[in-house]
Amino acid sequence: MKILVINAGSSSLKYQLFNMENGSVLAKGNCERIGAGGTVTHKRDGLETYSAEVDLPTHEEALSLVLELLVSEKYGVISSIEEIDAVGHRIAHGGEKYKKSTLIDDEVIAYLETIVPINPLHGPPAIKGIKACKRLMSKTVQVGVFDTSFYSQMEDFRTIYAIPYEFYTEHKIRRYGFHGTSHRYVAAKAAEQLGKPLNELKIVTCHLGNGSSITAVDGGIAIDTSMGFTPQEGVPMGTRSGTIDPTVIPYIMKLKNLNASEVEDLINKQSGLLGVSGLSNDARNVSEAAKQGNPRAQLAIKMLANSIKKYIGSYIAEMNGIDVLVFTAGIGENDDEMRSMVCSNMDVFDIKIDEEINSNIPRGSGADITAKGARVKTLVIPTNEEYMIAQDTAKFC
Ligand code: AMP
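An account of the accompanying structure is given in this report. (Residues numbered from 1 in each chain as written. Predicted model: local features only at pLDDT ≥ 70, side-chain atom pairs only at ≥ 80, totals over all residues. Heavy atoms only, no water.)

## A few points about the packing of aromatic side chains
The tally for this structure, following the rule as stated, stands at eight aromatic pairs. With a centroid separation of 5.7 Å and an interplanar angle of 55°, the aromatic rings of Phe150 and Tyr151 are classed as tilted. A relative accessible area of 1% means that Tyr151 is categorised as buried. Judged by centre distance (5.9 Å) and plane angle (55°), the rings of Tyr311 and Tyr315 are tilted. With Tyr311 and Tyr315 both in helix H11 (residues 295-319) and four residues apart, this pair spans about one turn of that helix. For the pair Tyr311 and Tyr315, a shared accessibility class is recorded, and that class is buried. Here the basic side chain of Lys172 rests over the ring of Tyr168, its NZ or CZ set 5.0 Å away from the ring centre. (Phe/Tyr/Trp six-rings, centres within 6.5 Å; stacked < 30°, edge-to-face > 60°. Buried < 20%, exposed > 50% of the residue type's maximum accessible area, 1.4 Å probe, protein only. Helix = DSSP H or I, 4+ residues; strand = E, 2+ residues; numbered from the N terminus. Lys NZ or Arg CZ within 6 Å of the ring centre and 35° of its normal.)

## As for the packing of helix H2 (residues 106-114) against helix H3 (residues 123-136)
The contact between H2 and H3 brings their axes to 11 Å, and the two run at 160°. Viewed along their axes, H2 and H3 adopt a mutual orientation that is roughly antiparallel. As for how H2 packs across H3, the hand of that crossing is left-handed. Residues Ile109, Leu112 and Glu113 of H2 form the contact with H3, whose own contacting residues are Ile127, Ile130, Lys131 and Lys134. Taken together, the residues of the contact of H2 with H3 sort by class into four nonpolar, no polar and three charged. (Axes fitted to C-alpha atoms, helices over the stretch in contact; angles between N-to-C directions. Parallel < 35°, antiparallel > 145°, perpendicular 65-115°, else oblique. Left-handed = near helix turned anticlockwise from the far one by under 90°. Contact = heavy atoms within 4.5 Å. Nonpolar A, V, L, I, M, F, W, Y, C, P; charged D, E, K, R; others polar.)

## A short note on unusual backbone geometry
For residues other than glycine, phi is negative in most cases, and the peptide bonds are mostly trans. Phi is positive for Arg33, close to 55°, though the residue is something other than glycine. Relative to the helices and strands, Arg33 is located in the loop between strand S3 (24-32) and strand S4 (39-44). On the basis of relative accessibility, which here comes to 40%, the residue Arg33 falls in the partly exposed class. The backbone of Lys172 shows a phi angle near 60°, a positive value even though the residue is not glycine. Assignment of secondary structure puts Lys172 in the loop between helix H5 (166-169) and helix H6 (180-194).

## Some thoughts on the environment of Lys14
Mapped onto the elements, Lys14 comes out in strand S2 (residues 13-19). A sequence separation of 76 residues divides Lys14 from Arg90, and the C-alpha atoms of the two residues are 9.9 Å apart. Sequence-distant contacts of Lys14, that is, excluding residues within four places in its chain, are made with Val5, Ile6, Asn7, Gly29 and Asn30.

## Considerations on the side chain of Asn119
Along the chain, Asn119 falls in the loop between H2 and H3. Beyond its immediate chain neighbours, meaning those up to four positions away, Asn119 contacts His93 and Pro124.

## A word on the nonpolar core
Membership of the largest hydrophobic core comes to 38 residues, with the highest contact counts inside it found for Val204, Cys206, Ile214, Ile308, Ile312 and Leu325. Breaking this core down by element, the ones donating at least two residues are strand S9 (202-208), strand S10 (212-218), helix H10 (283-291), H11, strand S12 (324-328) and helix H13 (336-343). Top element by residues in this core is H11. It accounts for eleven residues. Among residues more than four places away in sequence, those in contact with Leu325 are Val204, Cys206, Ile312, Cys343, Ile351, Val376, Lys377, Thr378 and Leu379. (Core = buried A, V, L, I, M, F, W, Y, C linked by side-chain atoms within 4.5 Å.)

## Digging into the site of the ligand
Lining the immediate environment of the ligand, one finds Gly209, Asn210, Asn281, Asp282, Ala283, Arg284, Ala329, Gly330, Ile331, Asn334, Asp335 and Arg363. Within the contact set of the ligand, an oxygen atom lies 2.9 Å away from a backbone nitrogen or oxygen of Gly330. Contacts to the ligand include Asn334, whose side-chain N or O atom sits 3.5 Å from a nitrogen atom. Contributing elements (two or more residues each) for the shell around the ligand: H10 and helix H12 (329-334). Of all the elements, H12 adds the most residues to the shell around the ligand, at four residues. Residues belonging to the shell around the ligand are distributed by class as follows: three nonpolar, five polar and four charged. (Near = heavy atom within 4 Å. Polar contact = N/O pair within 3.5 Å; in protein donor to acceptor, adjacent residues only side chain to side chain.)

## Section: the side chain of Ser287
Relative to the assigned elements, Ser287 resides in helix H10. Since its relative accessible area comes to 12%, Ser287 is described here as buried. Leaving out residues up to four positions away in the same chain, Ser287 has contacts with Ile301 and Asp335.

## Focus on helix H15 (residues 385-394)
Taken across its ten residues, H15 has eight buried, putting it largely inside the fold. Along H15, the residues that are buried comprise Glu385, Tyr387, Met388, Ile389, Ala390, Asp392, Thr393 and Ala394. Next to the buried residues of H15 lie strand S1 (2-8), S2, strand S6 (86-91), strand S8 (141-146), H6 and S9.

## A word on the pairing of strand S11 (residues 221-225)
Burial analysis of S11 places four of its five residues in the buried class, which makes it a mostly covered element. Examined bridge by bridge, S10 and S11 share four bridges and lie antiparallel to one another. Each residue of the ladder has a partner; that of Ala216, found in S11, is Asp224. Two successive antiparallel strands, S10 and S11, enclose a turn made up of two residues, where Gly219 displays a positive phi of approximately 65°. (Pairing = 2+ DSSP bridges.)

## A short note on the sheet that holds S1
The strands making up a sheet associate through backbone hydrogen bonding, with each pair oriented either parallel or antiparallel. Reading across the sheet, the eight strands line up as S5-S4-S3-S2-S1-S6-S8-S7 and stay open at both edges, with mixed pairing between neighbours. Looking at which strands have only one partner, the edges of the open sheet turn out to be strand S5 (50-53) and strand S7 (102-103). Looking at chain direction, S4 and S5 are connected through four bridges and run antiparallel. Bridge pairing in S5 places Thr41 opposite Ser51. Against the sheet, helix H1 (residues 59-71) contacts S1, S2, S3, S4 and S5, and its axis sits at roughly 30° relative to S2.

Structure representation (C-alpha coordinates):
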(Lines give C-alpha, C1' and ligand atoms only; values in the text may rest on other atoms or scores of the structure.)
Protein backbone atom coordinates (compact mmCIF):
# COMPACT_ATOMS: atom_id res chain seq x y z
CA MET A 1 0.00 0.00 0.00
CA LYS A 2 1.27 3.49 -0.88
CA ILE A 3 0.21 6.61 0.97
CA LEU A 4 1.00 10.19 -0.02
CA VAL A 5 1.21 12.61 2.90
CA ILE A 6 0.63 16.29 2.14
CA ASN A 7 1.37 19.24 4.39
CA ALA A 8 0.23 22.47 2.76
CA GLY A 9 1.46 25.78 4.17
CA SER A 10 0.62 29.31 3.05
CA SER A 11 3.29 29.28 0.31
CA SER A 12 4.58 25.72 0.53
CA LEU A 13 3.54 22.13 -0.06
CA LYS A 14 5.56 19.37 1.59
CA TYR A 15 5.02 15.75 0.63
CA GLN A 16 6.19 12.24 1.42
CA LEU A 17 5.22 9.04 -0.34
CA PHE A 18 5.29 6.02 1.98
CA ASN A 19 5.43 2.34 1.20
CA MET A 20 3.33 1.04 4.08
CA GLU A 21 4.56 -2.53 3.65
CA ASN A 22 7.80 -1.57 5.38
CA GLY A 23 7.23 2.06 6.40
CA SER A 24 9.90 3.33 4.01
CA VAL A 25 9.79 6.75 2.36
CA LEU A 26 9.82 6.25 -1.40
CA ALA A 27 10.17 9.96 -2.17
CA LYS A 28 9.75 13.27 -0.43
CA GLY A 29 10.09 16.92 -1.15
CA ASN A 30 8.87 20.43 -0.84
CA CYS A 31 7.45 23.09 -3.13
CA GLU A 32 8.15 26.57 -1.82
CA ARG A 33 7.37 30.18 -2.73
CA ILE A 34 4.03 29.15 -4.22
CA GLY A 35 2.32 32.24 -5.60
CA ALA A 36 5.56 34.21 -5.67
CA GLY A 37 7.70 32.34 -8.19
CA GLY A 38 8.34 28.80 -7.04
CA THR A 39 10.99 26.21 -6.22
CA VAL A 40 10.78 22.47 -5.89
CA THR A 41 13.07 20.02 -4.13
CA HIS A 42 12.44 16.34 -4.68
CA LYS A 43 14.39 13.48 -3.11
CA ARG A 44 14.31 9.83 -3.82
CA ASP A 45 16.39 7.20 -2.10
CA GLY A 46 19.77 6.66 -3.71
CA LEU A 47 19.31 9.44 -6.24
CA GLU A 48 20.62 12.94 -6.41
CA THR A 49 18.14 15.52 -5.13
CA TYR A 50 16.25 17.26 -7.90
CA SER A 51 15.74 20.96 -7.31
CA ALA A 52 14.58 23.62 -9.69
CA GLU A 53 13.02 27.04 -9.98
CA VAL A 54 9.58 26.62 -11.47
CA ASP A 55 6.51 28.76 -11.89
CA LEU A 56 4.03 27.70 -9.19
CA PRO A 57 1.15 30.17 -9.15
CA THR A 58 -1.12 27.96 -7.00
CA HIS A 59 -1.11 24.92 -4.72
CA GLU A 60 -2.82 22.97 -7.49
CA GLU A 61 0.07 23.63 -9.88
CA ALA A 62 2.50 22.60 -7.13
CA LEU A 63 0.65 19.33 -6.53
CA SER A 64 0.47 18.70 -10.25
CA LEU A 65 4.26 19.05 -10.45
CA VAL A 66 4.71 16.70 -7.46
CA LEU A 67 2.54 14.06 -9.14
CA GLU A 68 4.53 14.46 -12.37
CA LEU A 69 7.78 13.96 -10.46
CA LEU A 70 6.47 10.89 -8.65
CA VAL A 71 5.76 9.14 -11.96
CA SER A 72 8.59 10.65 -14.03
CA GLU A 73 11.06 8.31 -15.69
CA LYS A 74 14.09 10.00 -14.17
CA TYR A 75 12.94 10.93 -10.65
CA GLY A 76 9.81 8.85 -10.22
CA VAL A 77 9.09 5.99 -7.84
CA ILE A 78 5.74 4.77 -9.17
CA SER A 79 4.52 4.12 -12.68
CA SER A 80 1.10 5.69 -12.32
CA ILE A 81 -0.79 7.92 -9.89
CA GLU A 82 -3.35 5.12 -9.45
CA GLU A 83 -0.69 3.31 -7.40
CA ILE A 84 -1.28 5.83 -4.61
CA ASP A 85 -3.93 4.23 -2.40
CA ALA A 86 -4.76 7.30 -0.34
CA VAL A 87 -3.66 10.82 0.51
CA GLY A 88 -3.28 11.92 4.14
CA HIS A 89 -3.50 15.65 4.80
CA ARG A 90 -1.90 17.28 7.79
CA ILE A 91 -4.52 19.69 9.09
CA ALA A 92 -3.49 21.88 12.02
CA HIS A 93 -7.00 22.65 13.23
CA GLY A 94 -10.02 20.38 13.35
CA GLY A 95 -12.06 22.73 15.54
CA GLU A 96 -14.33 21.04 18.06
CA LYS A 97 -15.76 18.63 15.52
CA TYR A 98 -12.95 16.32 14.47
CA LYS A 99 -11.88 14.19 17.39
CA LYS A 100 -10.01 11.71 15.21
CA SER A 101 -8.65 11.33 11.69
CA THR A 102 -11.49 11.52 9.18
CA LEU A 103 -12.31 10.68 5.59
CA ILE A 104 -12.50 13.99 3.75
CA ASP A 105 -15.75 14.77 1.97
CA ASP A 106 -17.55 18.01 1.08
CA GLU A 107 -18.94 18.26 4.61
CA VAL A 108 -15.42 18.23 6.10
CA ILE A 109 -14.26 20.93 3.68
CA ALA A 110 -17.33 23.03 4.47
CA TYR A 111 -16.65 22.72 8.23
CA LEU A 112 -12.98 23.64 7.79
CA GLU A 113 -14.12 26.74 5.93
CA THR A 114 -16.35 27.74 8.85
CA ILE A 115 -13.40 27.63 11.28
CA VAL A 116 -11.03 29.73 9.15
CA PRO A 117 -11.71 32.77 11.42
CA ILE A 118 -10.09 30.91 14.34
CA ASN A 119 -7.41 29.34 12.11
CA PRO A 120 -6.55 32.06 9.60
CA LEU A 121 -2.93 31.04 8.96
CA HIS A 122 -3.16 27.29 8.49
CA GLY A 123 -6.78 26.79 7.46
CA PRO A 124 -6.81 28.34 3.96
CA PRO A 125 -3.66 26.55 2.66
CA ALA A 126 -4.85 23.19 4.06
CA ILE A 127 -8.18 23.65 2.26
CA LYS A 128 -6.32 24.57 -0.94
CA GLY A 129 -4.22 21.40 -0.66
CA ILE A 130 -7.33 19.25 -0.17
CA LYS A 131 -9.19 20.86 -3.08
CA ALA A 132 -6.16 20.46 -5.35
CA CYS A 133 -6.00 16.75 -4.48
CA LYS A 134 -9.74 16.35 -5.03
CA ARG A 135 -9.39 17.79 -8.53
CA LEU A 136 -6.19 16.03 -9.57
CA MET A 137 -6.82 12.67 -7.84
CA SER A 138 -10.59 12.58 -7.77
CA LYS A 139 -10.81 8.80 -7.26
CA THR A 140 -8.24 8.59 -4.46
CA VAL A 141 -9.26 8.36 -0.81
CA GLN A 142 -8.41 11.57 1.11
CA VAL A 143 -7.99 11.58 4.88
CA GLY A 144 -7.64 14.53 7.24
CA VAL A 145 -5.32 14.10 10.22
CA PHE A 146 -5.80 16.93 12.69
CA ASP A 147 -3.17 18.28 15.09
CA THR A 148 -5.94 19.23 17.49
CA SER A 149 -7.72 15.89 17.65
CA PHE A 150 -5.30 14.36 20.18
CA TYR A 151 -6.61 16.99 22.60
CA SER A 152 -10.29 16.33 22.02
CA GLN A 153 -10.60 14.56 25.38
CA MET A 154 -9.19 17.44 27.39
CA GLU A 155 -11.71 18.37 30.08
CA ASP A 156 -13.48 21.72 29.91
CA PHE A 157 -11.81 23.10 33.03
CA ARG A 158 -8.53 22.78 31.14
CA THR A 159 -9.75 24.22 27.84
CA ILE A 160 -11.93 27.16 28.87
CA TYR A 161 -10.27 30.53 29.41
CA ALA A 162 -11.42 32.54 32.41
CA ILE A 163 -13.00 35.27 30.30
CA PRO A 164 -16.77 35.82 29.85
CA TYR A 165 -18.19 32.43 28.89
CA GLU A 166 -19.98 33.81 25.78
CA PHE A 167 -16.59 34.13 24.07
CA TYR A 168 -16.51 30.35 24.14
CA THR A 169 -20.13 29.65 23.26
CA GLU A 170 -20.42 32.31 20.56
CA HIS A 171 -16.90 32.54 19.17
CA LYS A 172 -15.30 29.21 20.11
CA ILE A 173 -12.47 30.93 21.94
CA ARG A 174 -10.98 28.11 24.05
CA ARG A 175 -7.79 26.10 24.26
CA TYR A 176 -7.37 23.56 21.43
CA GLY A 177 -3.72 22.43 21.59
CA PHE A 178 -1.44 21.79 18.61
CA HIS A 179 1.38 19.43 17.53
CA GLY A 180 -0.95 16.60 18.61
CA THR A 181 0.22 14.24 15.88
CA SER A 182 3.82 14.51 17.08
CA HIS A 183 2.93 14.09 20.77
CA ARG A 184 0.70 11.11 19.94
CA TYR A 185 3.48 9.51 17.91
CA VAL A 186 6.24 9.87 20.52
CA ALA A 187 3.98 8.84 23.42
CA ALA A 188 3.10 5.61 21.58
CA LYS A 189 6.75 5.06 20.64
CA ALA A 190 7.82 5.53 24.27
CA ALA A 191 5.40 2.85 25.44
CA GLU A 192 6.54 0.55 22.64
CA GLN A 193 10.21 1.08 23.51
CA LEU A 194 9.62 0.40 27.19
CA GLY A 195 7.46 -2.63 26.40
CA LYS A 196 4.61 -1.27 28.53
CA PRO A 197 0.96 -0.62 27.66
CA LEU A 198 0.40 3.05 26.83
CA ASN A 199 -2.75 3.10 28.94
CA GLU A 200 -0.72 2.34 32.07
CA LEU A 201 1.79 5.20 31.65
CA LYS A 202 1.90 8.82 32.74
CA ILE A 203 4.01 10.60 30.14
CA VAL A 204 5.13 14.20 29.59
CA THR A 205 6.10 14.79 25.98
CA CYS A 206 8.20 17.85 25.10
CA HIS A 207 8.07 18.80 21.41
CA LEU A 208 10.76 21.47 21.26
CA GLY A 209 11.39 22.92 17.83
CA ASN A 210 10.95 26.28 16.21
CA GLY A 211 7.45 25.93 17.62
CA SER A 212 7.34 24.17 21.00
CA SER A 213 4.69 22.51 23.11
CA ILE A 214 4.52 20.23 26.13
CA THR A 215 1.76 17.66 26.64
CA ALA A 216 0.63 15.55 29.58
CA VAL A 217 -0.42 12.09 28.34
CA ASP A 218 -2.17 10.07 31.03
CA GLY A 219 -2.99 6.52 30.02
CA GLY A 220 -2.68 7.41 26.33
CA ILE A 221 -5.00 10.41 26.62
CA ALA A 222 -3.71 13.97 26.27
CA ILE A 223 -5.14 15.59 29.38
CA ASP A 224 -3.39 18.96 29.07
CA THR A 225 -1.03 20.79 26.75
CA SER A 226 0.80 24.09 26.66
CA MET A 227 -0.53 25.51 23.38
CA GLY A 228 -4.02 26.97 23.50
CA PHE A 229 -6.38 28.89 21.23
CA THR A 230 -3.41 29.22 18.88
CA PRO A 231 0.16 27.86 18.90
CA GLN A 232 1.14 31.13 20.59
CA GLU A 233 0.44 29.97 24.16
CA GLY A 234 2.98 28.06 26.25
CA VAL A 235 6.77 28.10 26.33
CA PRO A 236 8.83 30.76 24.49
CA MET A 237 9.60 29.61 20.94
CA GLY A 238 11.82 30.65 18.03
CA THR A 239 9.91 33.87 17.36
CA ARG A 240 6.78 33.45 19.51
CA SER A 241 6.57 34.91 22.99
CA GLY A 242 4.64 32.01 24.47
CA THR A 243 2.50 32.87 27.50
CA ILE A 244 2.77 36.43 28.74
CA ASP A 245 0.62 38.58 31.00
CA PRO A 246 -2.25 39.42 28.60
CA THR A 247 -2.26 43.04 29.71
CA VAL A 248 1.18 43.53 28.18
CA ILE A 249 -0.50 43.44 24.76
CA PRO A 250 -2.89 46.40 25.08
CA TYR A 251 -0.17 48.24 26.98
CA ILE A 252 2.29 47.84 24.08
CA MET A 253 -0.44 48.75 21.57
CA LYS A 254 -1.04 52.05 23.34
CA LEU A 255 2.66 52.66 23.98
CA LYS A 256 3.76 52.11 20.37
CA ASN A 257 0.50 53.01 18.67
CA LEU A 258 0.22 49.53 17.12
CA ASN A 259 -2.91 47.98 15.64
CA ALA A 260 -4.01 44.38 16.27
CA SER A 261 -2.10 42.91 13.30
CA GLU A 262 1.07 44.77 14.24
CA VAL A 263 1.02 43.55 17.83
CA GLU A 264 0.19 40.05 16.63
CA ASP A 265 3.25 40.20 14.38
CA LEU A 266 5.32 41.37 17.37
CA ILE A 267 4.36 38.46 19.62
CA ASN A 268 4.40 35.90 16.81
CA LYS A 269 7.38 36.84 14.67
CA GLN A 270 9.62 39.14 16.67
CA SER A 271 9.59 37.57 20.13
CA GLY A 272 10.76 34.31 21.75
CA LEU A 273 14.44 33.40 21.35
CA LEU A 274 14.81 36.04 18.64
CA GLY A 275 13.21 38.81 20.67
CA VAL A 276 15.08 38.15 23.89
CA SER A 277 18.50 37.38 22.38
CA GLY A 278 18.21 40.00 19.63
CA LEU A 279 20.21 37.55 17.52
CA SER A 280 18.29 34.68 15.99
CA ASN A 281 15.24 32.45 16.23
CA ASP A 282 17.49 29.45 15.70
CA ALA A 283 18.31 27.72 19.00
CA ARG A 284 21.72 26.65 17.62
CA ASN A 285 22.80 30.24 17.04
CA VAL A 286 21.44 31.40 20.37
CA SER A 287 23.14 28.63 22.36
CA GLU A 288 26.40 29.23 20.51
CA ALA A 289 26.25 32.93 21.43
CA ALA A 290 25.33 31.99 25.01
CA LYS A 291 28.43 29.79 25.23
CA GLN A 292 30.53 32.71 24.06
CA GLY A 293 29.17 34.78 26.92
CA ASN A 294 26.44 36.84 25.24
CA PRO A 295 24.22 37.76 28.23
CA ARG A 296 20.96 38.12 26.30
CA ALA A 297 21.50 34.79 24.57
CA GLN A 298 22.15 33.24 27.99
CA LEU A 299 18.98 34.83 29.29
CA ALA A 300 16.91 33.49 26.36
CA ILE A 301 18.22 29.94 26.86
CA LYS A 302 17.63 30.03 30.63
CA MET A 303 14.10 31.37 30.12
CA LEU A 304 13.27 28.57 27.73
CA ALA A 305 14.69 25.83 29.98
CA ASN A 306 12.89 27.21 33.01
CA SER A 307 9.59 27.49 31.20
CA ILE A 308 9.81 23.87 29.98
CA LYS A 309 10.63 22.77 33.53
CA LYS A 310 7.58 24.62 34.89
CA TYR A 311 5.24 22.88 32.46
CA ILE A 312 6.74 19.47 33.26
CA GLY A 313 6.29 20.11 36.98
CA SER A 314 2.72 21.28 36.57
CA TYR A 315 1.82 18.25 34.45
CA ILE A 316 3.31 15.91 37.04
CA ALA A 317 1.01 17.62 39.55
CA GLU A 318 -2.00 17.30 37.22
CA MET A 319 -1.35 13.61 36.56
CA ASN A 320 -0.30 12.91 40.14
CA GLY A 321 2.90 11.32 38.87
CA ILE A 322 5.12 10.63 35.91
CA ASP A 323 6.64 7.47 34.46
CA VAL A 324 8.22 8.80 31.27
CA LEU A 325 9.62 12.14 30.06
CA VAL A 326 10.11 12.42 26.31
CA PHE A 327 12.09 14.97 24.30
CA THR A 328 11.47 15.37 20.57
CA ALA A 329 11.74 17.77 17.55
CA GLY A 330 14.72 19.92 16.51
CA ILE A 331 15.77 21.16 19.95
CA GLY A 332 14.42 18.20 21.92
CA GLU A 333 16.28 15.69 19.75
CA ASN A 334 19.52 17.57 19.20
CA ASP A 335 20.20 20.03 21.99
CA ASP A 336 21.80 18.02 24.80
CA GLU A 337 22.45 21.14 26.87
CA MET A 338 18.81 22.15 26.82
CA ARG A 339 17.80 18.63 27.93
CA SER A 340 20.42 18.77 30.65
CA MET A 341 19.22 22.17 31.91
CA VAL A 342 15.59 21.06 31.90
CA CYS A 343 16.34 17.82 33.78
CA SER A 344 18.68 19.33 36.36
CA ASN A 345 17.35 19.55 39.92
CA MET A 346 14.42 17.28 39.19
CA ASP A 347 15.51 14.65 41.70
CA VAL A 348 12.38 15.36 43.69
CA PHE A 349 10.44 13.69 40.87
CA ASP A 350 13.03 10.94 40.45
CA ILE A 351 14.02 12.38 37.06
CA LYS A 352 17.76 12.16 36.46
CA ILE A 353 19.65 11.80 33.21
CA ASP A 354 22.96 10.18 32.33
CA GLU A 355 24.98 13.15 31.07
CA GLU A 356 27.41 10.95 29.18
CA ILE A 357 24.66 9.25 27.15
CA ASN A 358 22.78 12.53 26.82
CA SER A 359 25.68 14.30 25.14
CA ASN A 360 26.54 11.49 22.73
CA ILE A 361 23.35 10.72 20.84
CA PRO A 362 23.97 10.30 17.11
CA ARG A 363 21.79 12.72 15.15
CA GLY A 364 18.38 11.30 14.35
CA SER A 365 18.73 8.15 16.42
CA GLY A 366 17.14 8.89 19.82
CA ALA A 367 18.19 7.26 23.10
CA ASP A 368 17.23 6.29 26.62
CA ILE A 369 19.10 8.93 28.65
CA THR A 370 17.83 7.83 32.07
CA ALA A 371 20.53 7.82 34.77
CA LYS A 372 21.10 4.51 36.54
CA GLY A 373 18.66 4.12 39.41
CA ALA A 374 16.24 6.89 38.37
CA ARG A 375 12.65 5.64 38.38
CA VAL A 376 11.33 7.97 35.68
CA LYS A 377 12.49 7.05 32.19
CA THR A 378 13.79 9.98 30.14
CA LEU A 379 13.79 9.27 26.42
CA VAL A 380 14.85 11.13 23.30
CA ILE A 381 12.58 10.01 20.46
CA PRO A 382 12.79 11.43 16.93
CA THR A 383 9.32 12.51 15.91
CA ASN A 384 7.72 11.39 12.68
CA GLU A 385 4.43 13.19 12.17
CA GLU A 386 4.29 12.23 8.49
CA TYR A 387 4.47 8.52 9.27
CA MET A 388 1.77 8.91 11.92
CA ILE A 389 -0.42 10.63 9.30
CA ALA A 390 0.32 7.82 6.83
CA GLN A 391 -0.60 5.17 9.43
CA ASP A 392 -3.89 6.90 10.24
CA THR A 393 -4.63 7.28 6.52
CA ALA A 394 -3.87 3.62 5.78
CA LYS A 395 -6.69 2.60 8.16
CA PHE A 396 -9.22 4.01 5.65
CA CYS A 397 -8.00 1.90 2.73
P1 AMP B 1 12.01 21.92 14.21
O2 AMP B 1 10.98 23.02 14.25
O3 AMP B 1 11.58 20.67 14.89
O4 AMP B 1 12.54 21.68 12.82
O5 AMP B 1 13.27 22.44 15.04
C6 AMP B 1 13.99 23.58 14.68
C7 AMP B 1 14.81 24.03 15.86
O8 AMP B 1 15.69 22.97 16.28
C9 AMP B 1 15.69 25.23 15.54
O10 AMP B 1 15.59 26.18 16.58
C11 AMP B 1 17.06 24.63 15.51
O12 AMP B 1 18.02 25.54 15.90
C13 AMP B 1 16.94 23.54 16.55
N14 AMP B 1 18.03 22.59 16.42
C15 AMP B 1 18.28 21.72 15.44
N16 AMP B 1 19.47 21.07 15.67
C17 AMP B 1 19.96 21.57 16.83
C18 AMP B 1 21.14 21.34 17.61
N19 AMP B 1 22.05 20.45 17.23
N20 AMP B 1 21.29 22.04 18.75
C21 AMP B 1 20.38 22.93 19.12
N22 AMP B 1 19.25 23.19 18.44
C23 AMP B 1 19.05 22.53 17.32
